[in-house]
Structure formats: C-alpha cells, structure tokens
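Notes for the structure review
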Amino acid sequence: MMGSSHAATGVAAGAAVLAGLSWAGAPIGFADVAFGGMVCAGAALLPDLDHPTSTATLSQGPVSAAASRGVRALSSVVWRATRTPQDRGGRDADGTHRHLSHTVPAAVACGAAVAAAGLWWPALALVVWVVFSLAVRGLVACWKDRRMRWAEASGAALLLTIGVFGFGVGPLVVAGMVALGMVVHVLGDALTVAGVPLAWPLRVRGARWRMVGAPLRFRTGRESPVEEVIRWGALGTTPAWLLVGLL
Ligand SMILES: [Zn+2]
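What counts and what doesn't
- Residues numbered from 1 in each chain as written.
- Predicted model: local features only at pLDDT ≥ 70, side-chain atom pairs only at ≥ 80, totals over all residues.
- Heavy atoms only, no water.
- Core = buried A, V, L, I, M, F, W, Y, C linked by side-chain atoms within 4.5 Å.
- Buried < 20%, exposed > 50% of the residue type's maximum accessible area, 1.4 Å probe, protein only.
- Helix = DSSP H or I, 4+ residues; strand = E, 2+ residues; numbered from the N terminus.
- Contact = heavy atoms within 4.5 Å.
- Donors = N, O, S within 2.8 Å, 3.2 Å for Na, K, Ca; no water.
- Tetrahedral: all angles 85-135°; square planar, octahedral: opposite > 155°, others 65-115°.

Here we come to the nonpolar core. Counting residues in each nonpolar core, the largest one holds 46 residues, and the members touching the most others are Phe35, Val39, Phe132, Leu139, Val169, Val174 and Val178. Taken together, the elements giving at least two residues each to this core come down to α1 (3-23), α2 (30-43), α5 (104-117), α6 (121-140), α7 (150-166), α8 (171-190) and α9 (225-246). Here this core takes nine residues from α6, the largest share from any one element. Residues within four places of Val169 in sequence aside, it is in contact with Ala31, Asp32, Phe35, Val164 and Val174. If you look at the next biggest cluster of nonpolar residues, it comprises five residues, including Val78, Trp79, Trp200 and Trp209.

Below, the structure written as structure tokens:
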C-alpha cells in the first residue's frame, strides 16, 4: 500500500483502540486519543524503511537513508539465519523488502524499545518527533500529491511533539501506538497481492517467511480503487473516535 493509506489506517486504528480503552474506563483522555492516533499514523510508515525509496527512507535525508540500509542489512541477516529451502527472499531474493520489518515480533520489539526510550525524555522526544514527521507526510499525502519539504514536515512534527509533552501523553501510550502502527502496516500489506510474512518465525507449510495475506487481495498504487476506499474509509471514521475520546 501507499504511505498515505498506511498513515490513514494507522490514525484510525490508533484513535479507535485508545477511544475504546477510554470508553472502557482506562485512564486515557482526549489528548491521548488525538496524539496517540498521530503516533500510530507515523509508525504505520516505519516498516517500509526496508524499501530504498519509501517515505520513511527519504524523510530525514542521509540519516534515514543510512537507517534504511541498516534495516535492510539486518533483515537480510535474519532471513539468511532463519530461512528454509522454501523461502525465496522476496523480489531481490535477499530477504530485505517485506521481511523482518514486516513481522509482528519486529513491531513488538520496536514498541519495547520506545518504552525504554521513555525512561529518558530527550530520547522519547526524538522518537516522537521522527514518528510525527512521518505521520504529517503520510496524512498530507492523502490530499496533496506531492512530497512535503523537510522544514514543513519537521516544523509541524515539532509542534505536535511539544503537544505530547504539554498534555502529558505517557510513554506507554506512545510505545503501544508505535507497535500498533507497525502491525497495522503489516495487516494493510497483507491485503495486497504480494502478502507479508505474517507467521514468522513459525513455519507455514515448510516455509518460515511464507508470504501470506487476506483471501481477497488487491493491487496497490495510485490507480487502485480499493486502496482509495480503504484510505478514505479509515480517515472518515477517525473523527468518531476522537469524539468518543472527548466524552
Ligand atoms: Zn510495507
């Protein structure tokens, strides 16, 4: 799926989960639902750091490009270490794109790393700022068919980051939304023709990196009407979740 669709499904899922928790009596306020939803939107772009030209890879210039190379190298190492003779390694046959970063254990590990970053506020602020810069890029791309300038996305992300600390959104909400956003990305890609290694590290019919997906899958991209419906459907539900968070 496109980055904009991942961001749209991320913000809807994050806001829905937090609104549900708030409604069930958890100590979650409107600011948690609003900012948490935005964290989820940005985190829903993170798995595509394993692609050389994704929004996440291009977002911070040479820094995110280096992060992408690191993610691809790590993914390839883990793929080689755990593959079976049935695993092909994806498009480049080296276990990079749609491999390690597109797994549920990777989402859980990133969530745990963010929770650890929460012990030192400057580290948490950096993580939140990076994730918000992705959220802003992804959500703006739902309307405008152009890449945002670095200063625009970074400035908006900075204001949102100040909001997180100003309204006291807790590190566990941020960590949970990072993990959820990555899982939402994986589930979104599971709706596409290529599929994702959803069961890793478990074997499915002899393969540990078997690309699985929903029974009904669709082609991705700008011309895909199904992706358009998913994107606008997700965005359309988000105000309702914010409203629940407000009550
Ligand atoms: Zn992906």
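The rest of the description comes next.
What follows covers the coordination of the zinc ion. Taken together, Asp48 (OD), His102 (NE2), His185 (NE2) and Asp189 (OD) make up the full set of protein donors to the zinc ion, lying 2.0 to 2.2 Å away. Around the zinc ion, the four donor atoms sit at angles spanning 88 to 174°, and that spread fits a shape best called irregular. Here the donor residues for the zinc ion map to a single chain with the spacing D-x53-H-x82-H-x3-D. Taken together, the residues span a long stretch of sequence, with Asp48 in the loop between α2 and α3 (55-59) and His102 in the loop between α4 (61-82) and α5 at a distance of 54 residues. Judged by relative accessible area, which is 13%, Asp48 ranks as buried.

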